[in-house]
Amino acid sequence: MRHLPRAVVRSLCPAAVAGMLILGPDPAAAADDDAPRGPAVTVLKVAKSCFSDIVEATGTIIAREETSVRPERPGLKVTDVLAEAGDTTTAGQVLARLALPEGGTLQVTAPVAGVIATSTAQIGNFASAKGEALFTIVARSEYDLVGLVATTDMRKLAVNQPATVRIAGAGDIDGKVRRIGPTVEPNIQQGMVYIGISSQKRLLLKASGRALIKTGQSCNVAVPLTAVQYSSAGTVVQVIRRNRVETKRVEVGLMSGGNIEVRDGLNDGDVVVARAGALLREGDPVRPVMAAEAAEVGFLVSRTRCRV
């Protein structure tokens, strides 16, 4: 028998591998000669998953309670400054020393623990009980994000709901709903919500922030967004039964991470087309391939090397 040239064998190898993957024996098909033939489609079994109902609020950071620090007597000169804006203080901590007119010094202390938001204290300047505050302190390091929420989402809010507050430069901070505004801004049709934050970091007052408020949770079967089709007939998913396509109307709900909740129309364990499309129609015969198996075959093809 004549041997083919090595170059020819190399050129035929990828086609041979592809042929084995496509035309390889299918034990299930061999066992059932009457099984319908059709294109291979990637499918997956639906399973239950839990989705969080998230309401978004955008707004600005304010101090929940701001305490001003001034001397009780007028006409005192600043001689020492021992703290500055951004410092974290404890109650009773000495912040500055002032010279008394009759001699001696007066210590200015922090009335509460917190973060110093602003400071005007400078050596040589005068301070008094009615003048500008030497220091302002964010009491107990407690802040609020005052955010606006769409009117349609206001009914979902409740006090103490957990929230994640995202502030540029400060990262994500845990918070919770502290207060819900009683009115709606008529021009923009948005309501106000106060998200309480406690942070030892110095947060910049009036900085922009965004809160993701978890208002509830729903657990149902889930499918990828790619498995859902929207049309004039409604929302549908293509289900595979006995190797044929069935189109099922579904009621969808929350979305998260590329998946969508199906509240009605599917059951746990149903097999659906992973990427639905117009090429598949009701009753079409198909050869279902589980998503995990399809990924494995793709991996094997990418790793195949021909040697002669």
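Residues numbered from 1 in each chain as written. Predicted model: local features only at pLDDT ≥ 70, side-chain atom pairs only at ≥ 80, totals over all residues. Heavy atoms only, no water.

Draft legend 1. Up close: the nonpolar core. Counting 24 residues, the largest nonpolar core has Ile167, Val193, Ile195, Ile197, Leu203 and Ile213 as its most contacted members. At the level of elements, strand 2 (47–63), strand 8 (114–119), strand 11 (142–150), strand 12 (162–167), strand 13 (171–185), strand 14 (190–198) and strand 15 (208–224) are the ones that each hand at least two residues to this core. Residue contributions to this core peak at four residues, all from strand 2. Apart from the residues lying within four places of it in its own chain, the contact partners of Ile195 are Tyr143, Asp144, Leu145, Ala163, Val165, Gly175, Lys176, Val177, Ala211 and Ile213. Formed by 18 residues, the second largest nonpolar core is a distinct cluster that contains Leu95, Leu98, Val108 and Ile137. (Core = buried A, V, L, I, M, F, W, Y, C linked by side-chain atoms within 4.5 Å. Buried < 20%, exposed > 50% of the residue type's maximum accessible area, 1.4 Å probe, protein only. Helix = DSSP H or I, 4+ residues; strand = E, 2+ residues; numbered from the N terminus. Contact = heavy atoms within 4.5 Å.)

Draft legend 2. Fine view of the pairing of strand 3 (residues 66–69). Burial of the side chains of strand 3 is restricted to one face: Thr67 and Val69 are buried, whereas none of Glu66 and Ser68 on the reverse face is. Summarising the sheet, strand 3 and strand 10 (residues 135–139) pair through four bridges and their orientation is antiparallel. Across the sheet, residue Val69 finds its bridge partner in strand 10, namely Phe135. (Pairing = 2+ DSSP bridges.)

Draft legend 3. View of unusual backbone geometry. A positive phi is found at Gln189, a non-glycine position, where the angle reads about 55°. Residue Gln189 is classed as partly exposed on the basis of its relative accessible area, which comes to 46%. A positive phi angle, near 70°, is found at Lys206, a position not held by glycine. You can see Lys206 is positioned in the loop between strand 14 and strand 15.

Draft legend 4. Here's a closer look at the pattern of salt bridges. Scanning the model with the defined rule gives 13 salt bridges in all. A salt bridge links Asp144 to Arg178; its shortest N-O distance comes to 2.5 Å. Within this pair, whereas Asp144 is found in strand 11, its partner Arg178 is found in strand 13, the two being separated by 34 residues in sequence. Taken together, the salt bridges that share partners define one network made up of Arg64, Glu65, Arg140, Glu142, Asp144 and Arg178. (Salt bridge = Lys/Arg side-chain N within 4 Å of Asp/Glu carboxyl O.)

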